[in-house]
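Structural features, examined
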Amino acid sequence: MNCACKVVTLNMTITIDGETTAVQTNPQLPLIFFLLDELKSDEVAYHCTNKSCNACTVYINGLPFRSCALPIYTFWGKQVTTNRPLPEKGALFMLLKTWAKGNIEECPKCQPALILAARKLLKTHLNPSDELIRQTLQSSCSCGTAQKVIEAVQYAVRLRPQISSK
């Protein structure tokens, strides 16, 4: 028996880290596989097989999502933000420097979500309280590095006036 199955493809555009890309793909393809296989992105990782870790976290229109959990068509016309490297200026760059200074372990499951959450927090709050930092970051960590991450973000916030005056 011959199958007359037809592979469905979708023509769409998707904006990732500010760059709009035309896509022709299976609409059910999880975004993670498009990022890894088509764009050769190293800003996301695929670690689990049950959508339980945060390694593939991206922000969609400012909200965190696991890119392995949703098909690419759901991102049509939306802004996708990954952990693309930061420009070498400002509080966000200082965040990564404080990350290194704080000797924060590289947990491949939690780091992408933690960095994205910290970046968004610093973009939207000039001087976030310690409680807001904790609330924002605690749920993104399952490996126990959250306290060091909180301290790194607090340090980046303290450095912000120095950065702004340069």
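So, here is what we can say about the structure in this document. (Residues numbered from 1 in each chain as written. Predicted model: local features only at pLDDT ≥ 70, side-chain atom pairs only at ≥ 80, totals over all residues. Heavy atoms only, no water.)

1. A look at the packing of helix 3 (residues 111–124) against helix 4 (residues 130–138)
Two elements in contact, helix 3 and helix 4, have axes separated by 9 Å at closest approach and are oriented at 145°. Pair helix 3 / helix 4 crosses with right-handed handedness. Contact residues: helix 3 offers Leu114, Ala117, Ala118 and Leu121, while helix 4 offers Leu132, Ile133, Thr136 and Leu137. Classifying every residue of the contact of helix 3 with helix 4 by side-chain character gives 7 nonpolar, 1 polar and no charged. (Axes fitted to C-alpha atoms, helices over the stretch in contact; angles between N-to-C directions. Helix = DSSP H or I, 4+ residues; strand = E, 2+ residues; numbered from the N terminus. Left-handed = near helix turned anticlockwise from the far one by under 90°. Contact = heavy atoms within 4.5 Å. Nonpolar A, V, L, I, M, F, W, Y, C, P; charged D, E, K, R; others polar.)

2. Describing the nonpolar core
In terms of nonpolar packing, the biggest core is built from 17 residues, with Ile14, Leu31, Phe34, Val58, Ile72 and Val80 touching the most fellow members. Elements that contribute at least two residues to this core include exactly strand 1 (10–16), helix 1 (31–38) and strand 3 (57–60). Counting 16 residues, the second-largest nonpolar core is a separate cluster that includes Leu114, Leu116, Leu121 and Val149. (Core = buried A, V, L, I, M, F, W, Y, C linked by side-chain atoms within 4.5 Å. Buried < 20%, exposed > 50% of the residue type's maximum accessible area, 1.4 Å probe, protein only.)

3. A few points about the environment of phenylalanine 34
Of note, phenylalanine 34 is situated in helix 1. As for phenylalanine 34 and proline 71, which are separated by 37 residues in sequence, their C-alpha atoms are 9.7 Å apart. Each residue touching phenylalanine 34, except ones within four places of it in the same chain, is listed here: Ile14, Ile16, Val23, Leu29, Leu39 and Ile72.

4. Brief notes about the side chain of glutamine 154
With respect to the helices and strands, the residue glutamine 154 is situated in helix 5 (residues 146–164). Glutamine 154 sits in the buried class, given a relative accessible area of 13%. Among residues more than four places away in sequence, those in contact with glutamine 154 are Asp130, Ile133 and Arg134.

5. What to know about the sheet that holds strand 5 (residues 79–81)
Strand order in this open sheet of 5 strands is 2-1-5-3-4, and the pairing throughout is mixed. A single partner strand is all that each edge strand has here, and the edge strands are strand 2 (19–25) and strand 4 (63–66). Shown here is a sheet whose adjacent strand axes are inclined to one another by a mean of 40°, direction ignored. Both strand 1 and strand 2 contribute to a ladder of 7 bridges, which runs antiparallel. Considered in strand 2, the bridge of threonine 15 is made with threonine 20. Across the sheet, helix 1 lies against strand 1, strand 2, strand 3 and strand 5, angled at about 80° from strand 1, the strand it touches most. The strands touched by helix 3 within the sheet are strand 3, strand 4 and strand 5, with strand 3 carrying the most contacts at an inclination of about 30°. (Pairing = 2+ DSSP bridges.)

6. Description of the pairing of strand 3
Alternating positions in strand 3 separate into two faces, Thr57 and Tyr59 on one and Val58 and Ile60 on the other, with burial throughout. With 4 bridges connecting them, strand 3 and strand 4 associate as antiparallel partners. Along strand 4, the bridge assignment pairs threonine 57 with arginine 66. Between strand 3 and strand 4, which pair antiparallel one after the other, the connecting turn spans 2 residues, and asparagine 61 there sits at a positive phi close to 50°. As defined by bridge partners, strand 3 adjoins strand 5 across 2 bridges and the pair is classed as antiparallel. Residue pairing for strand 5: isoleucine 60 is matched across the bridge by valine 80.

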